[in-house]
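Residue strings, one per chain:
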Amino acid sequence: MHKVDPKRVKIFIAVCTALAIIMGGWWELLVQRQGPPQVGIERQAVAPLRQGEIERHAVAPPVAQEQHVNQAEQEAAAEHTRYLARYLNSGSSRKPGMKMVAIAVVSENGAFNFAMNAAIANHLKTDSASMLTSFFRPAFVTDGLFANALAGSNGIFDKLDLSRSLDMLLLGREEVQYSTDPSLENVMTANVQLQVTAFSIADGQSQSWTFVANGSGFKQSEARLMAEERLIKQIAKDTKMSLSF
């Protein structure tokens, strides 16, 4: 049997003890530097961040959507304002207790006939009715709105917000035919027909009246002028056309 050297045993025990002391000190130093486990803290730090992200995702879309809606509404309002400015003259506001009536007579050439507008206005005006003879702009005719309104398209009334300014609308179309009589040294005759239609803005009801007159002259302009002068006299004496129907 091999005999154990007591001296070697003591040296072995001393080396193991030293290694244990060194390893224990190294482990303690490592723990001090790293600190305790951070699992709970990491969860607490990450949780608020994720919650904040959720809140941003929950709040941001409605805010962005609301801003988009507001911008679209503003653009639509601006476009509608430009639309009205193209067809309506400004300065026609309602007057308390007054019936607001717009008159627009158009000649065969597509231009407003302000002489006929004035004749109708003078015939129908009362203390309780305000006549507007320059309510519309030329584009009202050239863009086809006059023709559509005269044909009874109430959609035009809505698009132009006429209910805000008017109670009634009188639209007139003038047609002229010329002829020449050789037996009268080629004197020209102008046959002028004026059809006037009144519309109630509130309910869309309408009523029409027709006026016809002839004029003569050596030129079309002379014959036409005489016919229109006779039309104006007819309108002044008329007893049928009214604002009540």
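All figures in this text were calculated on a predicted structure; none of them were measured in a lab. (Residues numbered from 1 in each chain as written. Predicted model: local features only at pLDDT ≥ 70, side-chain atom pairs only at ≥ 80, totals over all residues. Heavy atoms only, no water.)

The biggest cluster of nonpolar side chains holds 27 residues, and the ones touching the most others in it are Ile120 and Leu170. Those elements that provide at least two residues to this core are β1 (99-106), α3 (114-124), β2 (129-132), β3 (168-181), β4 (187-200), β5 (206-217) and α7 (220-237). Sequence-distant contacts of Leu170, defined by excluding residues within four places in its chain, comprise Val101, Ala102, Ile103, Ala104, Ile120, Leu124, Val196, Thr197, Ala198 and Leu243. By size, the runner-up hydrophobic cluster in this structure holds 25 residues, among which are Val106, Phe112, Leu132 and Phe146. (Core = buried A, V, L, I, M, F, W, Y, C linked by side-chain atoms within 4.5 Å. Buried < 20%, exposed > 50% of the residue type's maximum accessible area, 1.4 Å probe, protein only. Helix = DSSP H or I, 4+ residues; strand = E, 2+ residues; numbered from the N terminus. Contact = heavy atoms within 4.5 Å.)

A separate point is the pattern of salt bridges. Oppositely charged side chains can form a pair if their charged atoms are brought close together. Applying the stated rule across the entire model yields 7 salt bridges. With its nearest N and O atoms 3.0 Å apart, the salt bridge here joins Glu174 to Arg224. You can see Glu174 sitting in strand β3 and its partner Arg224 sitting in helix α7, a full 50 residues away along the chain. Taking the relative accessible area as the measure of exposure, Glu174 reaches 1% and is therefore buried. (Salt bridge = Lys/Arg side-chain N within 4 Å of Asp/Glu carboxyl O.)

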